Amino acid sequence: MFPPVYQTLRANSAVLATVGDRIGPHGTVAQTETRPYITWQIVLGQPHDNLSDAPPSDFTSLQIDCYHADAKGVVTLASAVRDALDTAWIVNRVVVNLKDPDTKLYRVGLGADFITQRD
């Protein structure tokens, strides 16, 4: 239930060029961090249970939030995140698009569903 979010996003050159290492779980990237940045949080984690063995995989639904100082920049960043998820065959969708009242930054949140094999 701990999918490779960081690795998946950093595999996209546009994401990497835009945010560098400013990608992390919710609460680990400060709101005062250099803009733009990306955070994520686990919304739901569910093992693929069966009756004969330990679960072979997990289904994890995340929210990935892109923050940027301007509206056009956040759409460009969110599009790069979407492309990274698409390349990795991860189902995704936009779940929030607003100007964040706390940070005063533009924010696009994408829901993403990871299926991760347990090795």
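Residues numbered from 1 in each chain as written. Predicted model: local features only at pLDDT ≥ 70, side-chain atom pairs only at ≥ 80, totals over all residues. Heavy atoms only, no water.

Caption draft 1: Representation of a nonpolar patch on the surface. Taken together, the side chains of Met1, Phe2 and Ile42 present a nonpolar region at the surface, about 330 Å² in accessible area. Within the element layout of this structure, Phe2 appears in the segment before α1 (5-10). Residue classification places Phe2 among the exposed residues on the basis of a relative accessible area of 74%. (Patch = residues over 30% accessible without salt bridge, like charges linked within 9 Å, V, L, I, M, F, W, Y side chains within 5 Å. Areas by Shrake-Rupley, 256 points an atom, 1.4 Å probe, with all protein chains shown as cover. Salt bridge = Lys/Arg side-chain N within 4 Å of Asp/Glu carboxyl O. Helix = DSSP H or I, 4+ residues; strand = E, 2+ residues; numbered from the N terminus. Buried < 20%, exposed > 50% of the residue type's maximum accessible area, 1.4 Å probe, protein only.)

Caption draft 2: Highlighting the pairing of strand β5 (residues 106-117). Taking burial as the measure, the twelve residues of β5 include nine buried ones, the bulk of the element. In the sheet, strand β3 (residues 57-68) pairs with β5 via twelve bridges, with the strands oriented antiparallel. Bridge pairing links Ile64 to Leu110 in β5. Where strand β4 (residues 91-99) folds back on β5, the antiparallel hairpin that results is connected by six residues, among which Lys104 adopts a positive phi of roughly 65°. (Pairing = 2+ DSSP bridges.)

Caption draft 3: Main features of the environment of Asp113. Of note, Asp113 is situated in strand β5. Asp113 gets classed as buried once you look at its relative accessible area, which sits at 16%. C-alpha separation for the pair Asp113 and Pro55, spaced 58 residues apart in sequence, amounts to 17 Å. A distance of 3.0 Å separates a polar atom in the side chain of Asp113 from a polar atom in the side chain of Ser61. (Polar contact = N/O pair within 3.5 Å; in protein donor to acceptor, adjacent residues only side chain to side chain.)

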